[in-house]
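Notes for the structure review
Spelled out from the first residue to the last, the chains are:
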Amino acid sequence: MAADLGELLVPYMPTIRVPRTGDRVFKSECAFSFDSPESEGGLYVCMNTFLGFGREHVERHYRKTGQSVYMHLKRHVKEKATGAAGGAIPRRRNGKVFLDLELNRDFNGEDYEYEDEAKLVIFPDHFEIPLPNIEELPALVTIACDAVLNAPSAFKKQEPESWEEEIQVSRHARSLRQLDNGVRIPPSGWKCQKCEMRENLWLNLTDGAVLCGKWFFDGSGGNGHALEHYRETSYPLAVKLDTITPDGADVYSFEEEEAVLDPHISEHLSHFGIDMLQMQKKTENGHHTDNNSRPRVSEWEVIQEAGMKLKAVFGSGYTGIKNLGNSCYVGTVMQVLFSIPDFQRMYVGNLQRIFDNSPLDPSQDFATQMAKLGHGLLSGQYSKPPMKSELIEQVMKEEYKVLNWHQQKGVSPRMLKALVSRGHPEFSSNRQQDAHEFFLYLINLVERNSAGSENPSDVFRFLVEERVQCCQSRRVRYTQRVDYCIQLPAPIEAATNREELLAYEAKRRDAEENMRAPPEPVRARIPFTACLQAFTEPENVPDFWSSALQAKSAGVKTSRFASFPEYLVLQIKKFTFGVDWVPKKLDLAIDVPDFLDLSRLRATGLQAGEEELPDLMPPIVLPEDTRDNSMSSMDSPEIDEAAVMQLAEMGFPVEACRKAVYYTGNMGPEMAFNWIIAHMEEPDFAEPLTLPSMMDPGPSTSDSPMGATPLVNSPPEESVAILTSMGFPRTHSIQALKATNNNLERALDWIFTHPEEEESDALSDMADTEPNDNAFSNANSHSDSTLSPERDTSGPRVKDGPGRYELFALISHMGASTMSGHYVCHIKKEGRWVIYNDHKVSLSERPPKDLGYIYFYHRLSSS
């Protein structure tokens, strides 16, 4: 028999490889589906590429590659028998099989046992060789099989790359001396004992001194009093106060000069009256929420609809996504995207074509992995209701509620996340991230990978018209840019409960100063109309250079819709940055409407009576010694000296005040003050006012190096040179720069998403973003939701239409910042709201529309 097996495998020996260092062995999940060794058909691992395939897809790989030898892995999951055998150790047929294959967390290890089996399968005849079979197999085959079975899974191999350098245990942790000085640390209201600073505070674990940092690894600011204290006392360890959780805390060793681990941190903190379990409460999903902040707990309860009897739903479109550990920002975005018909049609409708045309390694193909996840969510294959017999059995055990969640295993985004986040410093980590940033990042990937084919992200793309006005000359310039999301400000000053907020803030400050427990927090209630109004208001343009004045001046910008997208995305700007540069969330509620009409925000273009700014580029800045144009040869400009003196009395340099008043067109001290704040860091801030000659204010082609140069609709030559040096054709590079207002980074993205094509084809597909006499009239032609065919070839595709929308999805965030917490999404399907909370999918009883972070609207028909 041994000779027979050896002879059988001889023709295939050149194709059988032993995994080398760096090879990834995909033995836990299929590259095209979510089949695993626990699936009914098991998993087939190619013995040459080490890719895994389910029963439905292994034949495709065989036909494409000719690879015939696969290892078939199958895990049998059985419920433990009751009685004496109930506590027996799970039986295994083969001791080495599936070594290092993670257990399925959907099954409770105390209630189930596993039996694993492996065998070699030779295609196309499906000849099977049970493993292990050391005596009968050639040595090379035995070594290869053993290496595959013992290799870490591909995903386990990648995970360490996501983490930073491993932190070591401090040598002071075990023998740390703590003074019995009676110091007790309150749960809040901390401040530095030397400078009153309330951010970036560190507790010395020897004497309990609370002092500020400055130089720590997290880059936060301070006055360095914690380090000074160490130099005076030699007390080595300190813990950052706002990082204490039941899982640990950030500990720094002054003597070792690095972040360290303290295995005894709980005991060391309890010495000063700090109970780690009381500092933060951990939820059932493994996400953290502050225990001392009642509205935060309330926020978690409201958004997750805790305490309500939510009915689990199953089937197509009701499949959950497993949380890999702080990956909920991925899951919520993908759930919303695959509820949109264009994404369903692109990736799921073209499933077979995408799979058939996939490269040899489908795990590294964007379209394949998008199609895989989309099919997993929409097929209903991974969201099946429990059998009646199971329901009866669980009801008898009084575990019906547990069964609902248990049956919803969901699909894992592990392979897609590993692909799209590769090389990204944030998304490739295991930390929580901003769902809004990931949405835009993913749309960019969709754009790049849809070149020359249908692009589902077209439904989000729209044009924004930006009107910039020079405050002094009153001239204007209109430009257009592409966007995919509107960011709405959240003006706290417009809160309807402002008096209540002011009273709370006064109580909070008083509690901090007197080291008392903080008062009950108050959530700001802001009307949606106020957010929309704040978005439409003019904003100052920093470092505005007026081509009419040929000098820096004050400028204001307003934004309007040059086109309306088919799907409108609104992000509420809930996050700001604290003193330590950590994103922090504003606690607010906004009455976001179900129906939205933005028609009044459609752009109008150049209006009668408006005068355009000359098409001039800012002059080239030369060294200081070449500046010989001074005001001595010119009449002094008209400046409101009263406003100058009013600003000078505030302590600003007189010359800076003169420039501020001049560049803001003598519009008053308030506008000039804003100019000062925006320009006070400039090196020439306090230098005398110097203007170029204004004898010829029109467009000039002077040879003078200080002269402004006309735009003549041509991008900067240096930008063109950079793109052509990358190998892109000159004409295509110029088109890209024109379409993106000469923004080099956006131009590069434009090139990737707009490959060169015949001019006749391009005319029917593109839309113009250059501000010209016809651009805005074209933008206003929106009788239907089609791609604008009238536009020039230099712009992006947009689907214009009416500005009336209906809310169909929202993503909500729970927690204090984007770096922590949890995301949940609600989607309206078949006339009812559904909550997607990781792998759990249920009918929503009360969608938290006022607490959302990202809102998704679909356009209403014009009828």
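This write-up is about the structure you can find in this document. Computed from a prediction, not measured in an experiment: that's the story for all the values here. (Residues numbered from 1 in each chain as written. Predicted model: local features only at pLDDT ≥ 70, side-chain atom pairs only at ≥ 80, totals over all residues. Heavy atoms only, no water.)

**Details of the overall build of the protein**
A count of helices and strands for the protein gives 26 helices and 32 strands. The contacts of the protein with a sequence gap of at least 6 include a subset with a gap of at least 24, amounting to 69%. When the accessible surface of the protein is summed, it comes to about 41,400 Å², and 50% of that surface belongs to carbon and sulfur atoms. (Helix = DSSP H or I, 4+ residues; strand = E, 2+ residues; numbered from the N terminus. Contact = heavy atoms within 4.5 Å. Areas by Shrake-Rupley, 256 points an atom, 1.4 Å probe, with all protein chains shown as cover.)

**Describing the pairing of strand E30 (residues 832-837)**
The buried fraction of E30 is high, at 5 of 6 residues. Where strand E29 (residues 822-829) and E30 come together, 5 bridges link them in antiparallel fashion. Looking across to E30, one finds that lysine 828 is bridged to tryptophan 833. Connecting E29 to the next strand, E30, in antiparallel fashion are 2 residues, including glutamate 830 with a positive phi near 55 degrees. Where E30 meets strand E31 (residues 840-843), 4 bridges bridge the pair, whose relative direction is antiparallel. Within E31, the position partnered with asparagine 837 by the bridge is lysine 840. Connecting E30 to the antiparallel partner E31 that follows it, the hairpin turn spans 2 residues, and aspartate 838 within it adopts a positive phi of roughly 55 degrees. (Buried < 20%, exposed > 50% of the residue type's maximum accessible area, 1.4 Å probe, protein only. Pairing = 2+ DSSP bridges.)

**Some remarks on the nonpolar core**
Most often, soluble globular proteins keep nonpolar side chains buried together rather than apart. Met334, Phe343, Tyr347, Phe438 and Phe460 are the most contacted members of the largest nonpolar core, which has 102 residues in total. Residue contributions to this core peak at 8 residues, all from helix H16 (residues 435-448). The contact partners of phenylalanine 460, leaving out residues within four places of it in the chain, are Leu337, Ile340, Phe343, Phe439, Ile443, Asp483, Tyr484, Pro565, Tyr567 and Val569. Residues Val464, Tyr504, Leu807 and Trp833 belong to the second largest nonpolar core, which totals 33 residues. (Core = buried A, V, L, I, M, F, W, Y, C linked by side-chain atoms within 4.5 Å.)

**A short note on a nonpolar patch on the surface**
Judged by side-chain polarity, Met650, Phe673, Ile677 and Met680 come together as a nonpolar surface patch covering roughly 350 Å² of accessible area. For methionine 650, the position within the fold is in the loop between helix H19 (641-648) and helix H20 (654-663). Look at methionine 650 and you get partly exposed, because its relative accessible area is 48%. (Patch = residues over 30% accessible without salt bridge, like charges linked within 9 Å, V, L, I, M, F, W, Y side chains within 5 Å. Salt bridge = Lys/Arg side-chain N within 4 Å of Asp/Glu carboxyl O.)

**Brief notes about helix H5 (residues 225-233)**
Among all positions of H5, only His225, Ala226, Leu227, His229 and Tyr230 are buried. In this fold, the buried residues of H5 make contact with strand E6 (201-204) and strand E7 (210-212). Of the residues flanking the end of H5, it is serine 234, one or two places downstream, whose phi is positive at about 65 degrees.

**Points about the packing of H19 against helix H21 (residues 669-679)**
Axis separation between H19 and H21 bottoms out at 10 Å; the angle between their running directions is 50 degrees. With respect to each other, H19 and H21 are oriented oblique. Judged by the twist between their axes, the crossing of H19 over H21 is right-handed. On H21, the residues touching Ala643, Gln646 and Leu647 of H19 are Pro669, Ala672, Phe673 and Ile676. Across the contact of H19 with H21, the residue classes tally to 6 nonpolar, 1 polar and no charged. (Axes fitted to C-alpha atoms, helices over the stretch in contact; angles between N-to-C directions. Parallel < 35°, antiparallel > 145°, perpendicular 65-115°, else oblique. Left-handed = near helix turned anticlockwise from the far one by under 90°. Nonpolar A, V, L, I, M, F, W, Y, C, P; charged D, E, K, R; others polar.)

**Regarding the pattern of salt bridges**
A full pass over the atoms with the stated rule returns 33 salt bridges. A salt bridge links arginine 523 to aspartate 587, with the nearest nitrogen and oxygen atoms 2.7 Å apart. Taken together, the residues arginine 523 in the loop between helix H17 (498-513) and strand E16 (524-526) and aspartate 587 in the loop between strand E23 (583-585) and strand E24 (588-590) connect sequence positions 64 residues apart. The exposure class assigned to arginine 523 is buried, which follows from its relative accessible area of 16%. Close ionic contact of lysine 828 with glutamate 806 constitutes a salt bridge, the shortest N to O distance being 3.5 Å. Of this pair, lysine 828 sits in strand E29 while glutamate 806 is found in strand E28 (residues 804-814), placing the two residues 22 residues apart along the sequence. Classification of glutamate 806 as buried rests on a relative accessible area of 16%. Sharing partners across several salt bridges, the network here consists of Asp342, Arg345, Glu454, Glu566 and Lys799.

**A closer look at the packing of H20 against H21**
Interaxial distance between H20 and H21 falls to 8 Å at its minimum, and their mutual angle equals 120 degrees. In terms of their interaxial angle, H20 and H21 are classed as oblique. In this structure, H20 crosses over H21, and the sense of that crossing is right-handed. On the side of H20, the interface is formed by Ala656, Cys657, Lys659, Ala660, Val661 and Tyr663, while H21 contributes Ala672, Trp675 and Ile676. Here the contact of H20 with H21 is composed, by residue class, of 8 nonpolar, no polar and 1 charged.

**Section: the sheet that holds strand E20 (residues 555-561)**
Taken together, 4 strands build an open sheet; the order of strands is E14-E13-E20-E17 and the sheet is antiparallel. Looking along the sheet, the strands with just one partner apiece sit at the ends: strand E14 (476-483) and strand E17 (539-540). Inspection of the sheet shows E17 paired to E20 by 2 bridges, in the antiparallel sense. When the sheet's bridge partners are listed, glutamate 539 is paired in E20 with lysine 557.

**Examining the side chain of serine 546**
Residue position: serine 546 is located in strand E18 (residues 545-546). On the accessibility criterion, serine 546 (0% relative accessible area) is buried. Separated by 3.2 Å, the side chain of serine 546 and the backbone nitrogen of leucine 549 make a polar contact. (Polar contact = N/O pair within 3.5 Å; in protein donor to acceptor, adjacent residues only side chain to side chain.)

**Overview of the sheet that holds E6**
An order of E7-E6-E8-E9-E10 is seen for the 5 strands of this open sheet, with the pairing classed as antiparallel. The open sheet has two free edges, formed respectively by E7 and strand E10 (258-260), since each of these has just one partner strand. Strand-to-strand twist of the sheet, defined as the mean angle between neighbouring strand axes without regard to direction, takes the value 40 degrees. For strand E8 (residues 237-240) and strand E9 (residues 251-253), the ladder comprises 3 bridges, and the chain directions are antiparallel.

**Section: the environment of valine 210**
Mapped onto the elements, valine 210 comes out in strand E7. Given the relative accessible area of 7%, valine 210 is considered buried. In this structure the C-alpha to C-alpha distance between valine 210 and lysine 194, which are 16 residues apart in sequence, comes to 8.9 Å. Non-local contacts of valine 210, meaning those with residues more than four positions away in its chain, are made with Ile185, Lys191, Cys192, Gln193, Leu201, Trp202, Leu203 and Leu241.

Keep in mind that these numbers describe shape and distance, not what the molecule does.
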